[in-house]
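One-letter residues, chain by chain:
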Amino acid sequence: MATETFYDVMRRQGITRRSFTKFCSLTAAALGLPPAYAAEIQNAMETKPRIPVLWMHGLECTCCSESFIRSGHPLAKDVILSMISLDYDDTLMAAAGHQAEAIVQETIQKYDGNFILAVEGNPPLNQEGMSCIIGGRPFLEQLKEAADHCKAIISWGSCASWGCVQAARPNPTQATPVHKVPGLADKPIIKVPGCPPIAEVMTAVIAYILTFERFPELDLQGRPKMFYSQRIHDKCYRRPHFDAGQFVEHFDDEGARKGYCLYKVGCKGPTTYNACSTVRWNGGLSFPIQAGHPCIGCSEDGFWDKGSFYNRLVDVNGFGIEANADKIGVTAAGAVGIATAAHAAASAVRRARQKAGDEPAKAHDFEGQN
Amino acid sequence: MASTPVDDTPQGEPLVYVYEAPVRLWHWVNATAITLLFVTGYLIGSPPPSLNGEPSAHYLFGWIRFIHFSCGQIMAVGIIFRFYWSFVGNYFSREIIRPPVLSRKFWKGVMLETKSYALAEHSSRRYVGHNPLAILSMHVLFVWVAVFMVVTGLALYGEGEGPGWIHTVFTGPVLLLFGNNSLTVHTWHHFGMWAMVIFVLVHIYAAVREDILSREAIITSMISGWRKARKVTPID
Ligand code: HEM
Ligand code: HEM
Ligand code: SF4
Ligand code: SF4
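Residues numbered from 1 in each chain as written. Chains lettered and ligands numbered in written order. Predicted model: local features only at pLDDT ≥ 70, side-chain atom pairs only at ≥ 80, totals over all residues. Heavy atoms only, no water.

## Some details on the overall build of chain A
Let me state the cut-off plainly: Working definition: helices are DSSP H or I runs of at least four residues, strands are E runs of at least two. Numbering for both runs from the N terminus. Relative accessible area decides the class of each residue, using a 1.4 Å probe on protein chains only: under 20% of the type maximum gives buried, over 50% gives exposed, and in between gives partly exposed. The contact criterion used is simple: two residues touch if any of their non-hydrogen atoms lie within 4.5 Å. Method for areas: the Shrake-Rupley scheme with a 1.4 Å probe, in which residue coverage is limited to the protein chains shown.
A count of helical and extended segments in chain A gives 14 helices and 7 strands. Looking at chain A as a whole, 54% of its 370 residues are labelled buried. In chain A, 72% of the contacts between residues at least 6 apart in sequence involve partners at least 24 apart. For chain A, the exposed surface amounts to about 16,200 Å²; the carbon and sulfur share of it is 56%.

## Points about the UniProt feature "binding site: [3Fe-4S] cluster" (unreviewed entry) in chain A
Residue and element names in this part refer to chain A. Note the threshold: UniProt positions are given in the numbering used here, feature names are shortened, and annotations may be inferred rather than shown by experiment.
Listed under "binding site: [3Fe-4S] cluster" (unreviewed entry) in the UniProt record, and renumbered for this structure, are C276, C295 and C298. In terms of the greatest pairwise C-alpha distance, the residues named above, spread along 23 residues, form a tight cluster of at most 10.8 Å across. On the secondary structure map, C295 appears in the loop between α13 (276–279) and α14 (325–356). On the basis of relative accessibility, which here comes to 11%, the residue C295 falls in the buried class. If near-sequence neighbours (up to four positions away) are discounted, C295 is found in contact with I232, G266, C267, K268, G269, T272 and I289. Mapped onto the secondary structure, C298 falls in the loop between α13 and α14. With relative accessibility at 15%, the residue C298 sits in the buried group. Among residues more than four places away in sequence, those in contact with C298 are S158, G194, C195 and F303.

## Examining the site of ligand 4
Our working rule: When at least one non-hydrogen atom of a residue lies within 4 Å of a molecule or strand, that residue is treated as near it. In this count, Pro and Cys sit with the nonpolar residues alongside Ala, Val, Leu, Ile, Met, Phe, Trp and Tyr, while Asp, Glu, Lys and Arg are called charged and the others, Gly among them, polar.
Neighbouring ligand 4 are the residues I232, T272, N274, C276, W281, P288, C295, I296, G297, C298 and S299 of chain A. Residue classes in the shell around ligand 4 are distributed as 7 nonpolar, 4 polar and no charged.

## Topic: the nonpolar core
To keep things clear, this is the line we draw: Each nonpolar core is a collection of buried residues, namely Ala, Val, Leu, Ile, Met, Phe, Trp, Tyr and Cys, held together in the definition by side-chain atoms within 4.5 Å.
Ranked by size, the top nonpolar core spans 52 residues in total, and within it I116, I154, W156, V201, F227 and I289 of chain A carry the most contacts. With 10 residues, the single largest contributor to this core is helix α9 (residues 199–212) of chain A. Each residue touching W156 of chain A, except ones within four places of it in the same chain, is listed here: W55, C64, A118, V119, E120, G121, V192, M202 and I206 of chain A. Residues A33, M149, L154 and M193 of chain B belong to the second largest nonpolar core, which totals 35 residues.

## Looking at the coordination of the iron atom of ligand 2
Residues and elements named next belong to chain B. To keep it simple, the criterion reads: Because no water is among the atoms considered, metal sites can look incomplete, with donors defined as N, O and S atoms within 2.8 Å of the metal, or 3.2 Å for Na, K and Ca. Square planar and octahedral assignments, for four and six donors respectively, both demand that opposite donors be over 155 degrees apart and that all other angles lie between 65 and 115; tetrahedral needs four donors with all angles between 85 and 135 degrees, and anything else is irregular.
Surrounding the iron atom of ligand 2 are the protein donor atoms H68 (NE2) and H189 (NE2), at 2.0 to 2.1 Å. One can describe the donor arrangement at the iron atom of ligand 2 as octahedral, given that its 6 donor atoms subtend angles of 86 to 179° at the metal. Of the two residues, H68 is situated in helix α2 (residues 60–88) and H189 in helix α6 (residues 182–213); the sequence distance between them amounts to 121 residues. H189 carries the same exposure label as H68, and that label is buried.

Structure follows, in structure tokens:
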């Protein structure tokens, strides 16, 4: 039992060797690794003891779990689910109540320093974390305790990575993304943002971590480069319409029917780092833009506080009224324009008065030297 | 004051070579680039009406963005050049780039000029180059805003380019500064445009006004380089 490998677990779950091999090549491909890596993944899975995963839920809507268990490729889903075995996931596991909480303690003790902590959602800090209670105590405490003993942390989704809607202004509960929780043990954190993240991205990330026992290459913000180094816009299939200058102006116009670019109706594709336009959703079936809706930038930090999803220029907060950069700019430039005109008029009047001799002209008694 | 070439007008007033050829060339190249950047930048934020037909037949938005990026790069190179020139150029080439902010006399000059522009009193001082208030406003509203536009502009450019040196040097750090959000960078780059519009409005007004009031060929000095000196006050 102690040396059970990933492969053993999978076989026990009834996954055939053929399916297992397929899964390994699929994952290698999803990760952008050369085909030779498929064998490496396979080898790792057959020989390495499986790494336990604690999957915790804070303030969240469970969309990450929902996405995860609907991984487009049924194979990936089965394999991964058996692979991570989810020693604890209060949404998916059979145990409940005290029994469930006991599993957390057991894992922490048995695998101290060796398990992966996957966090979905985030802890609220205000009122000592009272806005999110798990098993009778604040999630904040549960999270900190698990973090103290884990090997590394996966921040699932925009909640754990950035805060998401529960952290929207004015954020009354002070919902805080995992990496910003004060006093949290200093463990490596990988962020997999999205609301939710794409299932294939989640399974690939976790497969990578479990087989290679390290994180894939991360960008400056801690996201896996292979999925978050390009914007939706960079690989969007509507991009030729963008470059041509063909835009949907209204959702019911000719352009919308023809599949023009959604930039003018607020598409955030140009500012959003995610893999939707390449990996797509529901097993590569489609993604929001393909369905005719602009990207709302769900994997970006702060996307929930940027005003309407349907405006190109975002609202700027702090000006009391609804305003964007152009409205504020035109107002300021207009005011300066009026001031200049007034100044010009005043200068002219003054000049005329001087010429008429009403005022002494001092402009020519220069001082100083060259 | 380093060697400033001085010549005499027919009336015996000394002429000073204020703006050297590279500065003049830079001024007009930069002004042209910025004007195009205004137009194309505004259109990037609020695109023109949609075109019909096959996408392969058009490249309108592509051209708008291409002009923006080219002018942006010209402006960026220009700013670097202008900074370099403030070290090798004449006395006046330093004024707006590295103003004497530590000199009390400079700030006194700023105060006096402010009063004069407020039409409260006449400035009794004359400067061959820019007056201290002009220096201050050009330094803040032009130099810093220009640097800001170049840095944020290159950061946005790097996003489209993908991994590479522009991405490493500009995009990554700028995104971190702006709360990890590219949209916020867009918004501030957009605000920067309006700051620059305000500078240009005031700048052109001040140049034309001075040209009329001082009875000196201020505007032509940015074309020929020469300006009448008479008795002048050094800025610091
Ligand atoms: C986008 C438009 C423009 C920008 C960004 C701009 C920027 C500048 C800058 C930075 C300087 C300082 C030069 C230096 O000391 O190195 C300057 C000086 C000058 N510019 Fe412009 N300029 C613009 C348009 C114009 C136009 C249209 C005119 C003509 C009406 C003009 C006339 C002048 C003059 C006369 C000076 C010398 C001013 C003085 O000595 O106070 N500029 N400009
Ligand atoms: C005074 C100078 C400049 C002005 C007034 C200006 C103005 C603008 C404006 C208004 C936008 C649209 C922002 C939005 O709402 O999304 C924009 C976008 C942009 N600008 Fe500039 N800009 C200037 C300089 C530069 C420079 C130096 C660069 C560097 C190459 C640059 C590169 C860009 C890029 C890459 C974008 C984004 C284009 C896109 O998303 O398709 N800009 N600029
Ligand atoms: S629909 Fe959005 S992501 Fe696609 S090209 Fe247009 S702006 Fe870019
Ligand atoms: S298209 Fe944009 S908003 Fe939609 S899921 Fe992808 S990143 Fe999120």
